[in-house]
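Listed below are the residues making up each chain.
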Amino acid sequence: MPWLYTMSRRIFRRGVEFYFLDLQVEGEAHLTSEGPLLLASNHPNSVLDAMVLGSQVRRPIGFLARSGLFRGVMGRLMKAAGAIPIFRRQDGPPTKPGGNDDAFRAAFDVLTDGGVIGIFPEGQNAPERHVRDIKTGVARIALGAEAANGWSLDVKVIPIGLNYEERDQFLARVLIRFGPPIRAVDYRERFEADPRAAARTMTDDLQHAMRAQAIHVHREEHTVLLHAIDALVGDQLQAELVGSIDLRTLDEKFLQRVSGRGTERGDLEGRRQVRQWIADAIDHYERTKPEELARLTRNLERYEAHLRQLRLRHGFEESAARKVSARWEAAKATTYAIALAPIALWGLFHNFVPYRLTRRFALRAPEEAIRSVRAVTGGALFFTLAYLFHSSGVWGAGATPIGLALYVVSLPLSGVWFMRYRQRLGRYGHRIMLRTLFRSRRVLLRRLLLEREQLQAQIDGLRFEYERLRRKALESE
């Protein structure tokens, strides 16, 4: 196991646990503790994807990464961590003849030794909620390694879906799904008859398996429509189609209350199922009733434009339309802002400098793909140094060991609390006193509520028709 991989995995695991509000894993049993594995994942979030996988898979992974990342100090560090450079067509011709021969040989060696290879076969970052057509590299590596070893390795390809709730947002949620393995030896007869055809068949099977693990909108341009429908009726659909459960343990409930990192550990797998259901329904109506889908898209775009004008979100309270005092809502938001300001200021004071240093260090990366790595490694360094500095000052001032321990624990918790506090103020700022209140916009809110009810009725009509057609198709099978 490369020494740098062992050390960095521990750092990345702590960084990932801090970065995400909730991280859930499905299908972990498919990861065998021994034998060659080839992990094939979708690629929605650049280098962060490798960090997330590396932090959750216990076995060391030799990631195949584009050759452009292997430059200077960064390149030496990646090689020390076991990464393997690979050339892509869009990056131009390789620097030497043979192109990826060295990369394939290195991957064969890892698999022959019973190790794990990680690859993102889309070849580039993918749009959110969409898995692009994949390259044949995974199949060629798996089949080539087996053929070179007399089909005795039993290489398994694990399709993986990385499902980020909000891929560019701090304190977001992510669901990692490991699918059933695809065994390279099952394609032996095809490979011996026609290696290219066997690689293409295995790639098609892997493509289907990867899309089954990740939320996949069939056309990229429908991603916005998926988000709009999910924001409007996603909770209702999940409650009716999947059910809603709270997955938190007692200690998680306590820590979330203390840190302000949310009040519920939602069923991310259930949410994924609902979003995929919506994506499939969109694809169905695109093929069967494009005019109806276009009308729904226009109505949703108009509704969201009205929300932006009123500075509201999809989940705005209906109490205003029922003539509940808007001043009471504003008073509650104002009380929250004032009462919890001391905790937020404590977190801001102790975390502002390391946060700014980490941000500046990450933004100075020569390209976007390296920013995530620099953010995690730089954050681990700057925050550790800042906490040591503050703690030494408190200890020098005569703090007791228990007092010092409580102080140290408060530093990261208050920092997370500040981020959450800031997000909530931004979300509910329109309710705070001295700002425009609901009362002055009552007529517009009534119209908006009516518009939402009409949209929900339109979606319900399409939904019931789609469910009827699905039941009919299942009964005919």
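Cut-offs and rules
- All residue numbers refer to positions counted from 1 along the written sequence of the respective chain.
- Reporting in this predicted model follows two pLDDT cut-offs: at least 70 for local features of residues, and 80 or more for side-chain atom pairs to be given and counted; totals over whole chains, interfaces and linings ignore these cut-offs and use all residues.
- Each side-chain value is derived from all of the structure's non-hydrogen atoms; neither hydrogens nor water enter the calculation.
- Numbered from the N terminus, helices here are DSSP runs of H or I no shorter than four residues, and strands are runs of E no shorter than two.
- A 1.4 Å probe rolled over the protein chains alone gives each residue an accessible area, and that area as a share of the maximum for its type sets the label: buried under 20%, exposed over 50%, partly exposed in between.
- Throughout, a contact is declared for two residues whenever any of their heavy atoms are within 4.5 Å.
- All accessible areas in this document rest on Shrake-Rupley with a 1.4 Å probe, and a residue is counted as covered only by the protein chains that are shown.
- N or O atoms within 3.5 Å of each other form a polar contact, as long as, within protein, one can give a hydrogen and the other can take it, and as long as residues adjacent in sequence are counted only when both atoms are side-chain atoms.
- Take the buried Ala, Val, Leu, Ile, Met, Phe, Trp, Tyr and Cys residues and link them wherever side-chain atoms come within 4.5 Å; each set so joined is a nonpolar core.
- In what follows, salt bridge is the name for a side-chain nitrogen of Lys or Arg lying within 4 Å of a carboxyl oxygen of Asp or Glu.
- The distinction between a cavity and a pocket rests on a 1 Å grid over the protein atoms alone: a 1.4 Å probe fits inside a cavity but cannot get out, while a pocket stays open yet meets protein on both sides within 12 Å along at least five of seven lines, and a residue with an atom within 4 Å of a point counts as lining.
- Grid points are joined across faces, edges and corners, and a volume is the space filled by probe spheres set on the points.
- Each residue gets one of three labels, nonpolar for Ala, Val, Leu, Ile, Met, Phe, Trp, Tyr, Cys and Pro, charged for Asp, Glu, Lys and Arg, and polar for the others, Gly among them.
- For helices, the fitted line uses only the C-alpha atoms of the stretch in contact; every axis is such a line through C-alpha atoms, and the angle between N-to-C directions lies from 0 to 180 degrees.
- Note on angle classes: values under 35 degrees are labelled roughly parallel, values over 145 roughly antiparallel, values of 65 to 115 roughly perpendicular, and the remainder oblique.
- Rotating anticlockwise by less than a right angle from the far helix to the near helix defines a left-handed crossing, while the corresponding clockwise rotation defines a right-handed one.
- Ring pairs are drawn from Phe, Tyr and Trp, using the six-membered ring of Trp, whenever the two centres fall within 6.5 Å, and their geometry is named by plane angle: stacked under 30 degrees, edge-to-face over 60, tilted for the rest.
- Patch membership is restricted to residues that have no salt bridge and whose relative accessible area is over 30%. Joining uses 9 Å for like charges and 5 Å for the nonpolar side chains Val, Leu, Ile, Met, Phe, Trp and Tyr.
- Positive residues here are Lys and Arg, negative ones are Asp and Glu, while His and the chain termini are left out of the count.
- Lysine's charge is taken at NZ, arginine's at CZ, aspartate's at CG and glutamate's at CD.

1. Some details on the overall build of the protein chain
Then comes step 1: Counting secondary structure elements, the protein chain contains 16 helices and eight strands.
Then comes step 2: The burial tally for the protein chain puts 47% of its 477 residues in the buried class.
Then comes step 3: Within the protein chain, residue pairs in contact and separated by at least 24 positions form 76% of the contacts whose partners lie at least 6 positions apart.
Then comes step 4: In the structure as shown, the protein chain presents an accessible area of about 25200 Å², 56% of it carried by carbon and sulfur atoms.

2. Concerning the side chain of Lys156
Then comes step 1: For Lys156, the location among the structural elements is in strand 6 (residues 156-164).
Then comes step 2: For Lys156, a relative accessible area of 19% gives the class buried.
Then comes step 3: Polar side-chain contacts of Lys156 include one of 2.9 Å to the side chain of Asp154.
Then comes step 4: Ignoring anything within four residues of it in the chain, the contact list for Lys156 reads Pro36, Leu37, Leu38, Pro181, Ile182 and Arg183.

3. Here we look at the nonpolar core
Then comes step 1: Formed by 34 residues in total, the largest nonpolar core has its most connected members in Leu38, Ile141, Leu143, Val157, Met202 and Leu206.
Then comes step 2: Elements supplying a minimum of two residues to this core: strand 2 (37-41), strand 4 (84-86), helix 4 (101-112), strand 5 (116-119), helix 5 (137-148) and helix 7 (195-213).
Then comes step 3: What Val157 contacts, discounting residues up to four positions off in sequence, is Leu38, Ala40, Val138, Ala142, Pro180, Pro181, Ile182, Met202 and Leu206.
Then comes step 4: In this structure, Val217, Leu225, Leu232 and Ile278 belong to the second largest nonpolar core, which totals 28 residues.

4. A look at the pattern of salt bridges
Then comes step 1: By the definition in use, this model includes 22 salt bridges.
Then comes step 2: Lys156 serves as the salt-bridge partner of Asp154, at 2.9 Å between the closest nitrogen and oxygen.
Then comes step 3: By relative accessible area, which is 25% here, Asp154 ends up partly exposed.

5. As for empty space enclosed by the protein
Then comes step 1: Tallying each qualifying case throughout the model produces five cavities of 30 Å³ or more.
Then comes step 2: Ile229, Leu237, Trp277, Ile278, Ala281, Ile282, Tyr285, Leu293, Leu296, Ile459, Leu462 and Arg463 are the residues that line the largest cavity.
Then comes step 3: Among the secondary structure elements, those contributing two or more residues to the lining of the largest cavity are helix 8 (223-242), helix 10 (268-288), helix 11 (290-309) and helix 16 (442-476).
Then comes step 4: A per-element tally of the lining of the largest cavity places helix 10 first, with five residues.
Then comes step 5: Taken together, the residues of the lining of the largest cavity break down into eleven nonpolar, no polar and one charged.
Then comes step 6: Taken as a whole, the second largest cavity holds about 100 Å³ of empty space.
Then comes step 7: In terms of lining residues, the second largest cavity is bounded by 14 residues, among which Asn42, Pro44, Glu128, Arg129 and Leu162 are the most central.
Then comes step 8: Across the lining of the second largest cavity, the residue classes tally to seven nonpolar, four polar and three charged.

6. Things to note about the packing of helix 4 against helix 5
Then comes step 1: Contact geometry of helix 4 with helix 5 gives a least axis separation of 9 Å together with a crossing angle of 55°. Classified by the angle between their axes, helix 4 and helix 5 sit oblique to one another. Note that helix 4 runs across helix 5; the crossing there is right-handed. Packed against helix 4, whose contacting residues are Phe104, Ala107, Phe108 and Leu111, the element helix 5 presents Gly137, Arg140, Ile141, Gly144 and Ala145 at the interface.
Then comes step 2: Classifying every residue of the contact of helix 4 with helix 5 gives six nonpolar, two polar and one charged.

7. Here we look at the packing of aromatic side chains
Then comes step 1: As enumerated under the stated definition, the model contains eight aromatic pairs in all.
Then comes step 2: Residues Phe63 and Phe120 carry aromatic rings whose centres are separated by 6.2 Å and whose planes lie at 0° to one another, so their mutual orientation is stacked. Of this pair, Phe63 sits in strand 3 (residues 61-66) while Phe120 sits in the loop between strand 5 and helix 5, and the two are 57 residues apart along the sequence.
Then comes step 3: The buried category is assigned to Phe63, whose relative accessible area is 11%.
Then comes step 4: Centre to centre, the rings of Phe104 and Phe108 are 6.3 Å apart; their planes meet at 85°, and the pair counts as edge-to-face. Here the residue Phe104 and the residue Phe108 both occupy positions in helix 4, the gap between them amounting to four residues, near one helical turn.

8. Observations concerning a positive patch on the surface
Then comes step 1: On the surface, a cluster of positive charge is made up of Arg356, Arg359, Arg360, Arg364 and Arg422.
Then comes step 2: At three residues, helix 13 (residues 341-363) tops the list of elements feeding residues into the positive patch.
Then comes step 3: Relative to the elements of secondary structure, Arg359 occurs in helix 13.

9. Structural notes on unusual backbone geometry
Then comes step 1: In this structure, Trp151 takes a positive phi of about 60° despite not being glycine.
Then comes step 2: Position of Trp151 relative to the elements: it lies in the loop between helix 5 and strand 6.
Then comes step 3: For Trp151, a relative accessible area of 12% gives the class buried.
Then comes step 4: One non-glycine residue, Asp154, lies in positive phi territory at about 60°.
Then comes step 5: Within the secondary structure layout, Asp154 lies in the loop between helix 5 and strand 6.

10. Observations regarding the packing of helix 8 against helix 11
Then comes step 1: Between helix 8 and helix 11, the least distance of the axes is 10 Å, while the angle of their chain directions is 65°. Relative to helix 11, the element helix 8 is oriented roughly perpendicular. The hand of the helix 8/helix 11 crossing is left-handed. Between helix 8 and helix 11, the residues in contact are Leu225, Ala228, Ile229 and Leu232 and Leu293, Leu296, Thr297, Leu300, Tyr303 and Glu304, respectively.
Then comes step 2: Taken together, the residues of the contact of helix 8 with helix 11 break down into eight nonpolar, one polar and one charged.

As far as function goes, none of this settles anything; it's purely spatial.
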